[in-house]
Amino acid sequence: MKIMMIVGARPNFMKAAPILAAIAAHNQKLTKTATGEKLVCTLVHTGQHYDARMSDAFFSDLQMPHPDVFLGAGSGSHAVQTAEIMRRFEEVVLRENPDVVVVVGDVNSTLACALVTAKIVLPGGQARPLIAHVEAGLRSFDRAMPEEINRVLTDHLCDLLFVTEESGLRNLEREGVPQERVFFVGNTMIDSLLKYKDQADASPALDRLGLRVPAEKGKPAQIKPYALLTLHRPANVDDPATFQEILAGLDELMSSHPVVFPAHPRTQKQIEQCGLQSYFAGDTKADGSASHVAPSAGILMTGPQGYLDFLCLMKNARLVVTDSGGIQEETTCLGVPCVTVRENTERPVTVECGTNLLAGVAQGGIRESIARQLEARPGQQAPYLWDGRAAERIVEILARPLTAKEGAPDKILPSAIVR
Ligand code: UD1
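Reading the values: rules and limits
- Residues numbered from 1 in each chain as written.
- Predicted model: local features only at pLDDT ≥ 70, side-chain atom pairs only at ≥ 80, totals over all residues.
- Heavy atoms only, no water.
- Axes fitted to C-alpha atoms, helices over the stretch in contact; angles between N-to-C directions.
- Helix = DSSP H or I, 4+ residues; strand = E, 2+ residues; numbered from the N terminus.
- Parallel < 35°, antiparallel > 145°, perpendicular 65-115°, else oblique.
- Left-handed = near helix turned anticlockwise from the far one by under 90°.
- Contact = heavy atoms within 4.5 Å.
- Near = heavy atom within 4 Å.
- Areas by Shrake-Rupley, 256 points an atom, 1.4 Å probe, with all protein chains shown as cover.
- Nonpolar A, V, L, I, M, F, W, Y, C, P; charged D, E, K, R; others polar.
- Phe/Tyr/Trp six-rings, centres within 6.5 Å; stacked < 30°, edge-to-face > 60°.
- Buried < 20%, exposed > 50% of the residue type's maximum accessible area, 1.4 Å probe, protein only.
- Pairing = 2+ DSSP bridges.
- 1 Å grid on protein atoms, 1.4 Å probe; cavity = no way out; pocket = protein on both sides within 12 Å on 5 of 7 lines; lining within 4 Å.
- Points joined across faces, edges and corners; volume = space filled by probe spheres on them.
- Core = buried A, V, L, I, M, F, W, Y, C linked by side-chain atoms within 4.5 Å.

(A) Representation of the packing of helix 3 (residues 78-96) against helix 4 (residues 108-119) within the structure. Relative orientation of the contacting elements helix 3 and helix 4 amounts to 45°, with a least axis distance of 8 Å. Put simply, helix 3 runs oblique to helix 4. With respect to the hand of their crossing, helix 3 and helix 4 are arranged in right-handed fashion. Along the contact surface, helix 3 presents His-78, Gln-81, Thr-82, Ile-85, Met-86, Phe-89, Glu-90 and Val-93, while helix 4 presents Asn-108, Ser-109, Ala-112, Cys-113, Leu-115, Val-116 and Thr-117.

Next up, the structure:
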């Protein structure tokens, strides 16, 4: 069976890596038992993210194979980026004719590749490949968010929907997605987290940023209390007034703690364009070398961090302030208090577990949420099935025999699939 795995943007890599590893493990088991079908995997990188620190660094940290196909679609408006990925991906599907196309998450690459596959016309009237969506069913109910459009449309194009948390099951049922397509498997992003969280201890990130006080006179080395900040959502950083309002909400935090801020390229551009540099110390070209040691207070901006370095910074932080989706989930599993600078979340289980607090984007709410979370001592929480085995479950389902690839999409669902 030919599986085509799609990645494109930074948050895709840690979700896809465990699936690639589980496919390799499946094939290895086959060579021992000589039963079942080998899964042949083609890895396609759309090139939505192309900077070394947004892409290549993750391939090495997550031990991913090099992509077999690189589409090099790059940046652009939503329409241009999505269309460019679609145009280039169609040629690949026609050439490779996979049995299943697997898309992950909610980025433009996810929707673009699902849409191409759903409408592909193959020679001789062959049935199109199945489409599988990893991280299906999440909903913020905020249609102003580009990712929400991507989530809803992708789910309704897909034949196999792999769900990470219970809210996803409810959302898909309410939207009338046939139940037999939906599988509650857990969270592949957490598979990566659990696999690498001890390895992240060897990262030099804390030392580079001067956040570790070395051992001295019999006293063991200690990590200074610090906060970690990420902001990149267009709704938060593209409008200068909103961006400044958020920074105002961080004033008390930055006067009491060093705040490490690995800035996304979009955010870096906005800081320059809006003339907000005076809020920050540091150098975004640097990855936080010794000359950019965190001050005892204030925001230290660095460039984007690799997977292991960021994981190290996240697991040791006193508090994380973010507008990212995935970081809300990772802090839940690490037991680190998180303040989410958004009005809503598509990941309600992180709030139910008690690690995540939605602050909104007004300075008063942000200040208050930070004060509350600085007092919080949440334990590590693992939502149901966030156990490091989600990718294994997905591959077990993908490896089940397909019925004849003829007829309407509904008729080509794997015959043996039961929920
Ligand atoms: C995308 C995803 C978002 C995800 C985020 C993680 C969509 C709609 N959004 O947003 O869900 O949380 O990735 O990072 O798919 N840029 C670079 N180098 C790169 C990539 C981007 O400089 O390697 C710059 C480009 O100039 C671009 C801007 O960053 O204009 C935004 O990139 P884009 O891929 O359009 O969206 P993100 O904001 O990264």
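(B) Examining the site of the ligand more closely. Not every one of the 21 residues close to the ligand is listed here, only the nearest: His-49, Asn-108, Glu-147, His-264 and Lys-269. Bound to the protein, the ligand loses 89% of the 740 Å² it would expose on its own. Mapped onto the shell around the ligand, the elements with two or more residues apiece are helix 1 (10-33), helix 3, helix 5 (146-157) and helix 12 (265-274). Broken down by element, the shell around the ligand gets its largest block of residues, 3 residues, from helix 12. Residue classes in the shell around the ligand are distributed as 5 nonpolar, 9 polar and 7 charged.

(C) View of the packing of aromatic side chains. A complete count under the given rule lists 8 aromatic pairs for this structure. Taken together, a centroid distance of 5.8 Å and an interplanar angle of 40° make the contact between Phe-162 and Phe-183 tilted. Linking Phe-162 in strand 6 (residues 160-163) with Phe-183 in strand 7 (residues 182-184), this pair joins segments that are 21 residues apart in sequence. Seen from their ring centres, Phe-184 and Tyr-384 are 5.6 Å apart, and the 70° between their planes marks the pair as edge-to-face. Separated by 200 residues along the polypeptide, Phe-184 in strand 7 and Tyr-384 in the loop between helix 16 (363-375) and helix 17 (390-398) bring together distant segments of the chain. By relative accessible area, which is 21% here, Phe-184 ends up partly exposed. Looking at Tyr-384, the relative accessible area reads 57%, which means it is exposed.

(D) Expanded view of the sheet that holds strand 5 (residues 130-136). One open sheet accounts for 7 strands, arranged 3-2-1-4-5-6-7; its pairing is parallel. For this open sheet the edge positions go to strand 3 (69-70) and strand 7, each flanked by a neighbour on one side alone. Two strands pair when backbone bridges link them, and strand 6 and strand 7 are joined in this way by 3 bridges, in the parallel orientation. By the bridge assignment for strand 7, Val-163 is matched with Phe-184.

(E) Main features of the environment of Gly-326. Residue placement: Gly-326 occurs in helix 14 (residues 326-334). Taking the C-alpha atoms as reference points, Gly-326 and Pro-11, separated by 315 residues in sequence, lie 7.4 Å from one another. Sequence-distant contacts of Gly-326, that is, excluding residues within four places in its chain, are made with Met-189 and Arg-347.

(F) Structural context of empty space enclosed by the protein. In this structure the tally under the stated criterion is 1 cavity of 30 Å³ or more. Computed from the structure, the largest cavity encloses a volume of approximately 40 Å³. Lining the largest cavity are Lys-15, Val-134, Glu-135, Thr-164, Gly-186, Asn-187, Thr-188 and Ile-394. When grouped by side-chain class, the residues that make up the lining of the largest cavity number 2 nonpolar, 4 polar and 2 charged.

(G) Just the packing of helix 10 (residues 240-249) against helix 16, in detail. Axis separation between helix 10 and helix 16 bottoms out at 7 Å; the angle between their running directions is 30°. Viewed along their axes, helix 10 and helix 16 form a crossing whose handedness is right-handed. Each of Glu-245, Ile-246, Ala-248 and Gly-249 in helix 10 lies in contact with helix 16, whose residues at this interface are Gln-363, Ile-366, Arg-367 and Ile-370. Of the residues belonging to the contact of helix 10 with helix 16, the class tally is 4 nonpolar, 2 polar and 2 charged.

(H) Quick look at the nonpolar core. Core analysis: the largest hydrophobic core is formed by 62 residues, its most contacted members being Leu-62, Met-64, Phe-162, Tyr-307, Leu-313 and Leu-398. If you tally residues by element for this core, the top one is helix 1, at 8 residues.

(I) Inspection of the layout of surface pockets at higher detail. In this model, the second largest pocket occupies a volume close to 590 Å³. The wall of the second largest pocket is formed by 29 residues, among which Ala-21, Ala-22, Ala-25, His-26 and Glu-392 lie closest to the centre. In terms of residue count, the dominant contributor to the lining of the second largest pocket is helix 1 (10 residues). In terms of residue class, the lining of the second largest pocket is built from 14 nonpolar, 7 polar and 8 charged.

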